[in-house]
Amino acid sequence: MKIMRWTTTGSQLSYRINQMHFCYYVFVKHKRSHSLIARNIIFSILFDIFVGILFVSTFMYFSRQWLNCGLFYAETVVNNVEQLLHYLISMPVGLKLNRPLNQALGHFFEYHIHIWKTYISIVTPIFDVIADILTFCSLFGFTCILSLLSDLLSLITIHIYCFYGYATRLYGFQASSLWSLWRLFRGKKWNQLKHRVDSYSYGNDQLFIGTLTFTILIFLLPTVLLYYLVFLVLRLIILSVKLLLKFTITKFCEIPVYSIYLWIVNSRDLKGRVHFKLISTKSGATKLCVEFKRMPFCDVFNVTQLPIENPLQLHLLSMFEFVNSVFWGKIIYPL
């Protein structure tokens, strides 16, 4: 099961299997057919499958146009990244970059672009099979289709993730090295055993080598920082799209379809607050009347929370963790 959770599609299928196991445990083992949570799960799955079949039916009608657009945008992204690399090599907006390092990094990333173009040409015939795969995925629901699209997005943009990883590792190495050398000038040293900064007396040879290394790294930093920021922005754009897809999948799975139906028909199985009202009759007697107020629609989603944790729940970084990762060159992994 852990292997299935490596992909968005596998995680979503695993979540649906856990939901079906929960319904089997409620209906068969405990024979509680009145369970509102289990009914919500069953109707949510049926609604998910219905929307998935409806989506695929529309998709198949425009299948060739969708496939051609997908291939066109995939090639457009690759060509735009290649043009961006040419722009960075040509010293943009008069930036004083280190020319040898700039050309070395530019040609290094260009080589991976050529590899990616070869990969696109090999994978292109497989796009004809995607329509059949989406037809099969519609039997598992609309969320499974969105999960498959999220995984396809990761495969199509894997070159950008590689570029981001290379640039981040290089920048992170420079940032940590500069910070360590800055301690050297202050007569400080990081104590690995006690996890603190202690005073330390360096020799002249250590100060000379440290000063030389610090000077080289500080002059090479603008070139590396430029590539790092460019690929960081591209990486954040892709993560934002994946975040939107995962958010849609998660919220779609949490829709209490059966509870919404009960709320629409104003069923007694789903009532809100109890209101007591005194009624005076003609004979002078007073009656106590009990009325059930209709539950607010927004509370319907909070009443029937599912007991199964969705593996696609978003675990976002805090603002401090995000800024710290960006500043120190730590890789921001997929959401």
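Keep in mind the model is a prediction, meaning the values are calculated, not measured.

Let's talk about helix α7 (residues 158-185)
Since the α-helix advances by 3.6 residues per turn, residues separated by three or four positions end up pointing in the same direction. A rise of 1.5 Å per residue sets the reference length of α7, with its 28 residues, at 40 Å; its end C-alpha atoms lie 41 Å apart and thus fit the reference within 8%. Backbone geometry just after α7 places glycine 187 at a positive phi near 70°.

Overview of the packing of helix α4 (residues 99-123) against helix α8 (residues 204-253)
Taken N-terminus to C-terminus, the directions of α4 and α8 make an angle of 30°; their axes are 9 Å apart at the nearest point. When the axes of α4 and α8 are compared, the pair comes out roughly parallel. Seen from α4, the contacting residues are Leu101, Asn102, Leu105, Gly106 and Phe109; seen from α8, they are Leu220, Thr223, Val224, Tyr227 and Phe231. Classifying every residue of the contact of α4 with α8 gives seven nonpolar, three polar and no charged.

Digging into the pattern of salt bridges
Applying the stated criterion across every chain yields a total of four salt bridges. For aspartate 48, the salt bridge is made with arginine 16, and the minimal N-O distance between the two is 2.7 Å. Of this pair, aspartate 48 sits in helix α2 (residues 36-61) while arginine 16 sits in helix α1 (residues 8-29), and the two are 32 residues apart along the sequence. Judged by its relative accessible area of 0%, aspartate 48 is buried. What makes arginine 16 buried here is its relative accessible area of 9%.

A look at a nonpolar patch on the surface
Residues Ile53, Phe136, Leu139 and Phe140 make up a contiguous nonpolar surface patch of about 400 Å² in total accessible area. Along the chain, the position of leucine 139 falls in the loop between α5 (127-137) and α6 (142-156). Here leucine 139 falls in the exposed class, since its relative accessible area comes to 52%.

Brief notes about the pairing of strand β1 (residues 188-191)
Note that β1 and strand β2 (residues 196-199) share four bridges and pair antiparallel. Directly across from lysine 188, in β2, lies its bridge partner serine 199. Between β1 and β2, which pair antiparallel in sequence order, lie four residues; one of them, histidine 195, sits at a positive phi of approximately 55°.

Scoring rules and cut-offs
- Residues numbered from 1 in each chain as written.
- Predicted model: local features only at pLDDT ≥ 70, side-chain atom pairs only at ≥ 80, totals over all residues.
- Heavy atoms only, no water.
- Helix = DSSP H or I, 4+ residues; strand = E, 2+ residues; numbered from the N terminus.
- Expected span 1.5 Å × (residues − 1).
- Axes fitted to C-alpha atoms, helices over the stretch in contact; angles between N-to-C directions.
- Parallel < 35°, antiparallel > 145°, perpendicular 65-115°, else oblique.
- Contact = heavy atoms within 4.5 Å.
- Nonpolar A, V, L, I, M, F, W, Y, C, P; charged D, E, K, R; others polar.
- Salt bridge = Lys/Arg side-chain N within 4 Å of Asp/Glu carboxyl O.
- Buried < 20%, exposed > 50% of the residue type's maximum accessible area, 1.4 Å probe, protein only.
- Patch = residues over 30% accessible without salt bridge, like charges linked within 9 Å, V, L, I, M, F, W, Y side chains within 5 Å.
- Areas by Shrake-Rupley, 256 points an atom, 1.4 Å probe, with all protein chains shown as cover.
- Pairing = 2+ DSSP bridges.

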